[in-house]
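Results of the structural survey
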Amino acid sequence: DMARVHDVDAQVIERTRRWLLNQRDTDGSWAPENHKMHDDALGGAAGDDARLAQTAYIAWAVLGDPAAADRAPLTFAYLKSRNPASIKNAHMLALVCNALLAVDEHNADAAPYLDRLEATKHFSGDGKFAWWEQPPGGRTTFYGAGASGNIETTALAALALIRAGRYPDTTRQALTWLTAQKDANGTWYSTQATVLSLRALLAGTGKPLGGDGERVVEVRVNGDLTETLRIPADQADVLKQVDLSSRLKTGKQVLTLSEASGAAVGFQASFRYNEPDAGLAARKDPFAFELTYDRTELPVGEQIQATARVVNQTMRAAPMVMV
């Protein structure tokens, strides 16, 4: 993937692929590590489930290049040995779909797995959104859980459906749902969720997913029309930004966005403000942070000593934390 946007020595890619293929077992699978992230990944999946997830993830990366196509049948046979109905974890199922489609996007063997993926989706009553969820207590291969894990899973599912060209309505609904999950920073809570979401949205750009046409969005603050945005069909992937700070005043504010075509336009409303820090003891978040300084006034050119204190306020260990 990196070689598409940056110079990478082709021999490094080939050596890496060769090394990974040399780690493959005789049945075409890759054994999961018995330590580190795989201990708790996929909700504590062990045995066949952990091996299936590991194999699908590596196969997706390694076998998607024509240089490795002749090495694919053995691994494909292993992946296809699992009945789609027996795969209860949507993240694992989406990985298998992407792996089977890695060499051939028209791979007929992937159809039952894609059908199973379609059958396990969640959807909103208005038909605008579709998404996939992790099982209770489940984690992705990179420890994604909760909202982040569901975003990773949905992005993987969307990538598979886009690659196969199946279920365009569901694909459009999934991409709309992903767009709606962005946080206030314009990202998706974690690195993996962000990368996979961007990858899915880019893959879906320009694809015939239906719902094409001009969007007209009316922006109102406290009932007053402030702006009308017209988004042509060929600019559906262009971000339009509206600054409403001049409209804010003391008291309750009501922001209303209206779009009459029902095209499920993605939007994000972001509001920034400052408030005094309530202190470490008053926080109820899973993690608390306290920052203190050795003084409050500092002449130009001098240094200050800062001390950061991070407290895990839960009763369990927190994997893969970066401060």
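So, about the overall build of the protein chain. Summing up its helical and strand segments, the protein chain has nine helices and seven strands in all. Along the first, second and third principal axes, the C-alpha set of the protein chain runs to 65 × 55 × 40 Å. Sorting the 323 residues of the protein chain into buried and exposed places 33% on the buried side. When contacts within the protein chain are restricted to residue pairs at least 6 apart in sequence, those whose partners lie at least 24 apart make up 60%. Roughly 19800 Å² of accessible area belongs to the protein chain as shown, and the carbon and sulfur atoms make up 52% of that amount. A distance of 2 Å separates the average location of the 34 positive side-chain charges in the protein chain from that of its 39 negative side-chain charges.

One pass over the structure, following the stated rule, counts two aromatic pairs. Ring geometry for tryptophan 131 against tryptophan 177: centres 6.0 Å apart, planes inclined by 15°, an arrangement best described as stacked. Pair noted here: tryptophan 131 is in strand β2 (residues 130-131) and tryptophan 177 is in helix α8 (residues 168-180), with a separation of 46 residues, a long-range link. Judged by its relative accessible area of 17%, tryptophan 131 falls in the buried class. Exposure remark for tryptophan 177: the relative accessible area of 10% places this residue in the buried category.

The next thing to look at is the packing of α8 against helix α9 (residues 191-204). Taken N-terminus to C-terminus, the directions of α8 and α9 make an angle of 135°; their axes are 10 Å apart at the nearest point. Viewed along their axes, α8 and α9 adopt a mutual orientation that is oblique. For the crossing formed where α8 meets α9, the hand is left-handed. Residues Leu175, Leu178 and Thr179 of α8 lie in contact with α9, whose contacting residues are Ser197, Ala200, Leu201 and Gly204.

Following the sequence through the fold, arginine 17 ends up in helix α1 (residues 10-22). For arginine 17, a relative accessible area of 10% translates into the label buried. Not counting chain neighbours up to four residues away, the residues in contact with arginine 17 comprise Val62, Asp65, Ala67 and Ala68.

What follows concerns the sheet that holds strand β5 (residues 255-259). Here we have three strands laid out as an open sheet, ordered β4-β3-β5, and antiparallel in their pairing. On the outer flanks of this sheet lie β4 (224-231) and β5, each paired with one strand and no other. Between one strand axis and the next, the sheet turns by 20° as a mean value, whatever way the strands run. Pairing of strand β3 (residues 215-221) with β4, which is carried by seven bridges, proceeds in the antiparallel orientation. When the sheet's bridge partners are listed, valine 216 is paired in β4 with arginine 230.

Counting residues in hydrophobic clusters, the biggest one holds 52 residues, and the most contacted among them are Trp60, Leu63, Leu79, Leu114 and Leu117. Going through the elements one at a time, α3 (48-62), α4 (72-80), α5 (90-100), α6 (111-119), α7 (146-164), α8 and α9 are the ones with two or more residues in this core. Top element by residues in this core is α7. It accounts for 10 residues.

Right, let's get into α6. Restricting attention to buried positions, one finds in α6 the residues Ala111, Tyr113, Leu114, Leu117 and Glu118. Considered in projection along α6, the buried side chains sweep an arc of 160° and stay on one side of the axis. At its buried positions, α6 is contacted by α4, α5, α7 and α8.

With that settled, the discussion passes to the side chain of glutamate 152. Relative to the helices and strands, glutamate 152 is located in helix α7. Of the side chains with opposite charge, arginine 139 comes closest to the buried, unpaired glutamate 152, at an N-O distance of 8.9 Å. Within the local environment of glutamate 152, its side chain forms a polar contact with the side chain of threonine 140, the two groups lying 3.1 Å apart. Setting aside chain neighbours within four positions, we find glutamate 152 in contact with His91, Thr140, Gly144, Ser190, Gln192, Ala193 and Leu196.

This brings us to the environment of valine 8. With respect to the helices, strands and loops of the structure, valine 8 is situated in the segment before α1. Owing to a relative accessible area of 31%, valine 8 belongs among the partly exposed residues under this scheme. Once you skip the residues sitting within four places of it in the chain, valine 8 turns out to touch Met2, Ala3 and Ile13.

Rules and cut-offs
- Sequence positions are assigned chain by chain, starting from 1 and proceeding in written order.
- With the structure being a predicted model, the display of local features is reserved for residues of pLDDT at least 70 and the display and counting of side-chain atom pairs for 80 or more, all residues being used for whole-chain, interface and lining totals.
- Side-chain measures here rest on the full set of heavy atoms in the structure, leaving out hydrogens and waters.
- Secondary structure elements are taken from DSSP: a helix is a run of H or I of four residues or more, a strand is a run of E of two residues or more, and numbering for both begins at the N terminus.
- In this scheme, a residue with accessible area under 20% of its type's maximum is buried, one over 50% is exposed, and one in between is partly exposed, where area comes from a 1.4 Å probe on protein chains only.
- Contacts were defined at the residue level, with two residues in contact if any of their heavy atoms lie within 4.5 Å.
- Reported accessibility uses the Shrake-Rupley method at a 1.4 Å probe radius. Residues are deemed covered only where the shown protein chains occlude them.
- Positive: Lys, Arg. Negative: Asp, Glu. His and the chain ends are not part of the count.
- In this description, the location of a charge corresponds to atom NZ of lysine, CZ of arginine, CG of aspartate or CD of glutamate.
- Working definition: rings of Phe, Tyr and Trp (its six-membered ring) pair if their centres are within 6.5 Å, and the pair is stacked with planes under 30 degrees apart, edge-to-face with planes over 60 apart, and tilted otherwise.
- Axis lines are fitted to C-alpha atoms, over the contacting stretch for helices. Their N-to-C directions set the angle, which ranges from 0 to 180 degrees.
- Here is the rule for angles: anything less than 35 degrees is roughly parallel, anything more than 145 is roughly antiparallel, 65 through 115 is roughly perpendicular, and the remaining ranges are oblique.
- Crossings are sorted by hand: turned counterclockwise from the far helix by less than a right angle, the near helix makes the crossing left-handed, and turned clockwise it makes it right-handed.
- Strand pairing is defined by DSSP finding a minimum of two bridges between the two strands.
- The set of buried Ala, Val, Leu, Ile, Met, Phe, Trp, Tyr and Cys residues whose side-chain atoms join them within 4.5 Å is what this entry labels a nonpolar core.
- Of all possible arcs, the one meant is that of the directions from the helix axis to the C-beta atoms.
- A side-chain nitrogen of Lys or Arg and a carboxyl oxygen of Asp or Glu constitute a salt bridge if their distance falls within 4 Å.
- Under the rule applied, a polar contact is a pair of N or O atoms within 3.5 Å (in protein, one hydrogen donor and one hydrogen acceptor; residues adjacent in sequence only if both atoms are side-chain atoms).

Remember, this is a structural readout, not a statement about activity or role.
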